[in-house]
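Residue-level listing of the chains:
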Amino acid sequence: MTIAKVSKDNTGNGLEEDQEKSSDEIGSNPEGIDGNISAGLAEWTFGGTVFRSFDEHVMRSVPMYSECHELILSLSDFFVRKDSLVYDIGSSTGALTEQIARRHANKIRRIIGIEVEQAMVAEAEQRYGELSLVQFVEADVRSYKFEPCDFVVSYYMLQFLHPAERLHVIRAVFDKMLRGGAFVLFEKVRESNVTLQDVMGQLYQDYKLANGFKPSEILAKSRSLRSVLEPSTSTENLSALREAGFSMVSLVHKNLCFEGYLAIK
């Protein structure tokens, strides 16, 4: 993109100079998203200082975020056994990891929170590092080597991977899951029908407005997620779970464009 910059020579005449502005410079201008959180066009990240405001931001952004933590805890009762190994993929600040650890403190061998952002891992360790059953690891789940386990949670995380990489992760989970174990997957989804997608999208904007987000913040968040978050459809998510090998798959939660699935091996 070229813009005109006006300057003057030593005679005082106005001179037009062409100044090139790169697309990188355009995208790097941060826009306010929520309090201290800001991001540029297609530049959303969970790194940096996002951890400071993450919990409050996500609870205002995702319908029934805390309530679905409770649903996951209830589901875990059916699958966590004596000496179980549990994984929380995309553990962020460790809130859900800690809740599972406390609920099954007398049963599990260990729960491992996998998180790619160093600042999130450091925050989780500071909050819950004293719990002997909890371990937080800074790792990329796409190359992580799982150990045999009974219960795995991915709470709104796989949606940030490229669609071609999601099945690989689900297969890695399935391969190391013990028979009778379960994978709980929550994802933002898109509708396969254009009309339904428009309805759900507008209702979600209304939800965020009702939760105190400004229109400019909602737009800024949407712009920042371009190429960063590409939701799959419900059918695609269910098909991926079955293709990975899970024999029993069910929808356990839906609220607007947010869904949760239970997959049992």
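Values in this document were obtained by computation on a predicted structure and should not be read as measured data. Each residue is numbered by its place in its chain's sequence as written, counting from 1. Per-residue local features are limited, in this predicted model, to residues with pLDDT of at least 70; the limit for side-chain atom pairs, both in listing and counting, is 80 or more; totals at the level of whole chains, interfaces and linings are taken over all residues. Hydrogens are left out, water is left out, and the side-chain values use all remaining heavy atoms of the structure.

When its secondary structure is counted, the chain shows nine helices and eleven strands. Taking all 265 residues of the chain together, 48% fall into the buried category. Across the chain, every contact between residues at least 6 apart in sequence was considered, and the portion connecting residues at least 24 apart equals 71%. Residue exposure ignores everything except the shown protein chains as possible cover, and the areas themselves are Shrake-Rupley values with a 1.4 Å probe. Surface summary for the chain: the accessible area is close to 13,500 Å², and the carbon and sulfur share equals 50%. Secondary structure elements follow DSSP: runs of H or I no shorter than four residues count as helices, runs of E no shorter than two count as strands, and numbering proceeds from the N terminus. For the exposure calls, accessible area comes from a 1.4 Å probe over protein chains only, and a residue counts as buried if that area is under 20% of its type's maximum, exposed if over 50%, partly exposed in between. We call two residues contacting when some pair of their heavy atoms lies within 4.5 Å.

Next up on the list: the sheet that holds strand 6 (residues 110-115). For two strands to count as paired, DSSP must find a minimum of two bridges between them. Pairing is mixed across the open sheet formed by seven strands, whose spatial order is 7-6-5-8-9-11-10. If you trace the sheet from one side to the other, it starts and ends with strand 7 (134-138) and strand 10 (248-255), each paired once. Averaged over all neighbouring strand pairs, the angle between strand axes comes to 15°, with direction disregarded. The pairing of strand 5 (residues 85-89) with strand 8 (residues 149-155) spans four bridges and is classified as parallel. Of the residues in strand 8, the one forming a bridge with Ile-89 is Ser-154. Contacts between helix 4 (residues 95-103) and the sheet are confined to strand 5, strand 6, strand 7 and strand 8, with strand 6 contributing the most and set at about 175° to the helix. Where helices are involved, their axes are fitted lines through C-alpha atoms of the stretch in contact, as for all axes, and angles between N-to-C directions lie from 0 to 180°.

The geometry of helix 2 (residues 54-61) relative to helix 7 (residues 194-210) is characterised by a closest axis approach of 9 Å and an angle of 130° between their N-to-C directions. In terms of orientation, helix 2 lies oblique with respect to helix 7. Residue-level inspection shows Met-59, Arg-60 and Ser-61 of helix 2 in contact with helix 7, the latter providing Tyr-204, Tyr-207 and Lys-208. Partitioning the contact of helix 2 with helix 7 into residue classes produces three nonpolar, one polar and two charged. An angle below 35 degrees is treated as roughly parallel, one above 145 as roughly antiparallel, one from 65 to 115 as roughly perpendicular, and anything else as oblique. Following the grouping adopted for this structure description, the nonpolar residues are Ala, Val, Leu, Ile, Met, Phe, Trp, Tyr, Cys and Pro, the charged ones are Asp, Glu, Lys and Arg, and the polar ones are all others, Gly among them.

It is worth spelling out the layout of surface pockets at this point. The space that makes up the second largest pocket amounts to roughly 210 Å³. Only helix 6 (163-176), strand 9 (177-188) and helix 9 (234-244) provide two or more residues apiece to the lining of the second largest pocket. The leading source of residues in the lining of the second largest pocket is helix 9, at five residues. Each cavity reported here is a set of points on a 1 Å grid over the protein atoms alone in which a 1.4 Å probe fits but cannot get out, each pocket an open set with protein on both sides within 12 Å along at least five of seven lines, and each lining residue one with an atom within 4 Å of a point. Grid points are joined across faces, edges and corners, and a volume is the space filled by probe spheres set on the points.

Bringing the pairing of strand 9 into the picture now. Most of strand 9 sits inside the fold, with nine of its twelve residues counted as buried. Seen with the strands pointing away from the viewer, any crossover whose path from the first strand over the helix to the second strand runs clockwise is right-handed. With respect to chirality, the unit in which strand 8 leads through helix 6 into the neighbouring parallel strand 9 is right-handed. With seven bridges connecting them, strand 9 and strand 11 (residues 258-264) associate as antiparallel partners. Counterpart to Phe-183 in the pairing with strand 11 is Ala-263.

Quick look at the packing of helix 3 (residues 65-76) against helix 4 now. A pair of packed helices is captured by two measures, namely the crossing angle of their axes and the spacing between those axes. Relative to each other, helix 3 and helix 4 sit at 35°, their axes nearing to 10 Å. When you trace helix 3 past helix 4, the crossing you get is right-handed. Facing His-69, Glu-70, Ile-72, Leu-73, Ser-74 and Ser-76 of helix 3, the residues of helix 4 in contact are Ala-95, Leu-96, Gln-99, Ile-100 and Arg-103. Its residues placed into classes, the contact of helix 3 with helix 4 shows five nonpolar, four polar and two charged. Handedness of a crossing follows from how the near helix is turned relative to the far one, being left-handed for an anticlockwise turn of less than a right angle and right-handed for a clockwise one.

Turning our attention to the pattern of salt bridges. Just to be clear on terms, a salt bridge is a Lys or Arg side-chain nitrogen sitting within 4 Å of an Asp or Glu carboxyl oxygen. Following the criterion strictly, the structure yields 15 salt bridges and no others. The salt bridge partner of Arg-127 is Glu-123, with a shortest N-O separation of 2.9 Å. Taken as a pair, Arg-127 and Glu-123 lie in helix 5 (residues 118-128) at a separation of four residues, close to a single helical turn. Using a relative accessible area of 30% as the deciding quantity, one classes Arg-127 as partly exposed. In this structure, the salt-bridge partner of Lys-254 is Glu-191, at a minimum N-O distance of 3.5 Å. A residue pair is termed long-range when its members are at least 10 positions apart, and Lys-254 in strand 10 and Glu-191 in the loop between strand 9 and helix 7 qualify at 63 residues. For Glu-191, a relative accessible area of 19% translates into the label buried. Salt bridges here are not isolated pairs; linked through shared partners, they connect Asp-55, Glu-123 and Arg-127.

Now for unusual backbone geometry. If a residue is not glycine, its phi is most likely negative; likewise, a peptide bond is most likely trans. For Ala-42, which is not glycine, the phi torsion reads 60° and is therefore positive. Even without being glycine, Tyr-156 reaches a positive phi, approximately 55°. Considering the arrangement of structural elements, one finds Tyr-156 in the loop between strand 8 and helix 6. Of the residues examined, Tyr-156 reaches a relative accessible area of 9% and is grouped as buried.

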